[in-house]
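# Notes for the structure review
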Amino acid sequence: MLVLTRKLKEAIQIGDDIEITVLAIQGDQVKLGINAPRHIDIHRKEVYLAIQAENSAAAEAHEASLAELTAKLKQWKQR
Amino acid sequence: MNIDTKYHGTVAVKDEDIIRFPHGLPGFADEKRFVLLPLADTPFVILQSVKTPALGFVLIEPFSYFPAYEFELDEAMVEQLDIESERDVAVYVILTVADPFDNTTANLQAPVVINARKRIGKQVILSNTPYKTKHRLFPEKAAT
């Protein structure tokens, strides 16, 4: 991993079109500003990992459970 | 062309039925082509991978189950999905089917948004949203 030290208001340029600037530092929190093209998705890492994990869990569904789930939904909707 | 599927056996699909996911889905980056197959006698629609028969996500239309659900697509998403009109957009959420079924959840934080006209799809990760990856489909059971 490349490691760079930056101060407040300093930036890092990645490739031709991605720029990351240190906007604020407060205690153990760092606020970053990111300029990137619109086709680049930017997410908090833990959020992205949570979505990945949820997708993996969601891919495990089985046909039998879907039939039972449908029955349950119908019951529930009628209440 | 015929594809093998998780829930529908072998299905004939036309090129124009295929929805492109240019970036795949989180965790499934190599899966870039899907078809939507309604599952008979259920409210579910399966997002079936064209290349991987065993990969089919269970989707529902969120608004009948979560009437207050709403989100805004930012400019970058509108551009990526090449959306010209709201009418072209279909929104689904992915279910995580649990055993017991009461614990089944919907991922409202990352809806699947499809430009039906252009046949482009994306699982959009909402930021600065109150929605989570797990919302119970049967909320009144949460108390017990």
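Treat the numbers as computed from the prediction; the structure is a model and nothing was measured.

Moving on to the overall build of chain A. For chain A, the helix and strand inventory stands at two helices and three strands. Taken from the N to the C terminus, the helices and strands of chain A come in the order β-β-β-α-α. Here the C-alpha radius of gyration of chain A, 22 Å, is well above what a compact globule of 79 residues would show, namely 12 Å. Principal axes of the C-alpha set define a box for chain A whose edges measure 60 × 30 × 25 Å. Out of the 79 residues in chain A, the part that is buried amounts to 11%. Taking the intrachain contacts of chain A between residues at least 6 apart in sequence as the baseline, contacts between residues at least 24 apart amount to 0%.

Before going further, it helps to examine the overall build of chain B. Along the backbone of chain B there are one helix and ten strands. For chain B, the sequential pattern of α-helices and β-strands runs β-β-β-β-β-β-α-β-β-β-β. A compact globule built from 144 residues would reach a C-alpha radius of gyration of about 15 Å, and chain B, at 15 Å, matches this within 12%. Counting over 144 residues, chain B shows a buried share of 33%.

Splitting chain A by domain gives domain 1 (1-40) and domain 2 (43-79). The centre of domain 1 of chain A, based on its C-alpha atoms, is set 36 Å off from the matching centre of domain 2 of chain A.

All names here are of chain A. Overall, antiparallel pairing links the three strands, which are arranged β1-β2-β3 in an open sheet. The open sheet terminates on both sides in strands that have one partner only, identified here as β1 (11-14) and β3 (29-35). With strand direction ignored, the average angle separating the axes of adjacent strands in the sheet is 25°. In the sheet, strand β2 (residues 18-26) pairs with β3 via seven bridges, with the strands oriented antiparallel. In the sheet register, I25 faces β3, and the bridge partner there is V30.

With that settled, consider the interface of chain A and chain B. At the junction of the two partners, chain A supplies 24 residues and chain B supplies 31 residues. Contributions of two or more residues to the side of chain A that touches chain B are made by α1 (45-58) and α2 (63-78) of chain A. Considering every element that reaches the side of chain A that touches chain B, the biggest residue donor is α1(A), with ten residues. Counted by class, the side of chain A that touches chain B contains twelve nonpolar, seven polar and five charged residues.

So, on to the nonpolar core. Counting residues in each nonpolar core, the largest one holds 36 residues, and the members touching the most others are F57(B), V58(B), L59(B), I94(B) and V112(B). Those elements giving two or more residues to this core turn out to be α1 and α2 of chain A together with β4 (33-38), β5 (45-49), β6 (56-60), β7 (89-96) and β8 (105-115) of chain B. In terms of residues, this core owes the most to one element, β8(B), which gives six residues. Filtering out sequence-adjacent residues up to four positions away, I94(B) remains in contact with N55(A), A58(A), F57(B), V58(B), L59(B), N107(B) and V112(B).

Relative to the helices and strands, T70(A) is located in helix α2. You can call T70(A) partly exposed: it has 16 C-beta atoms within 10 Å.

Below, the discussion takes up the pairing of β3(A). Summarising burial for β3(A): zero of the seven residues are buried, a small minority. Connecting the antiparallel pair β2(A) and β3(A) is a turn made up of two residues, with G27(A) showing a positive phi of about 60°.

Cut-offs and rules
- Residues numbered from 1 in each chain as written.
- Chains lettered and ligands numbered in written order.
- Predicted model: local features only at pLDDT ≥ 70, side-chain atom pairs only at ≥ 80, totals over all residues.
- Helix = DSSP H or I, 4+ residues; strand = E, 2+ residues; numbered from the N terminus.
- Rg over C-alpha atoms; globule rule 2.2 N^0.38 Å.
- Buried ≥ 20, exposed ≤ 12 C-beta atoms within 10 Å, placed from the backbone.
- Contact = placed C-beta atoms within 7 Å.
- Domains from an automatic or database assignment.
- Pairing = 2+ DSSP bridges.
- Axes fitted to C-alpha atoms, helices over the stretch in contact; angles between N-to-C directions.
- Nonpolar A, V, L, I, M, F, W, Y, C, P; charged D, E, K, R; others polar.
- Core = buried A, V, L, I, M, F, W, Y, C linked by C-beta atoms within 7 Å.

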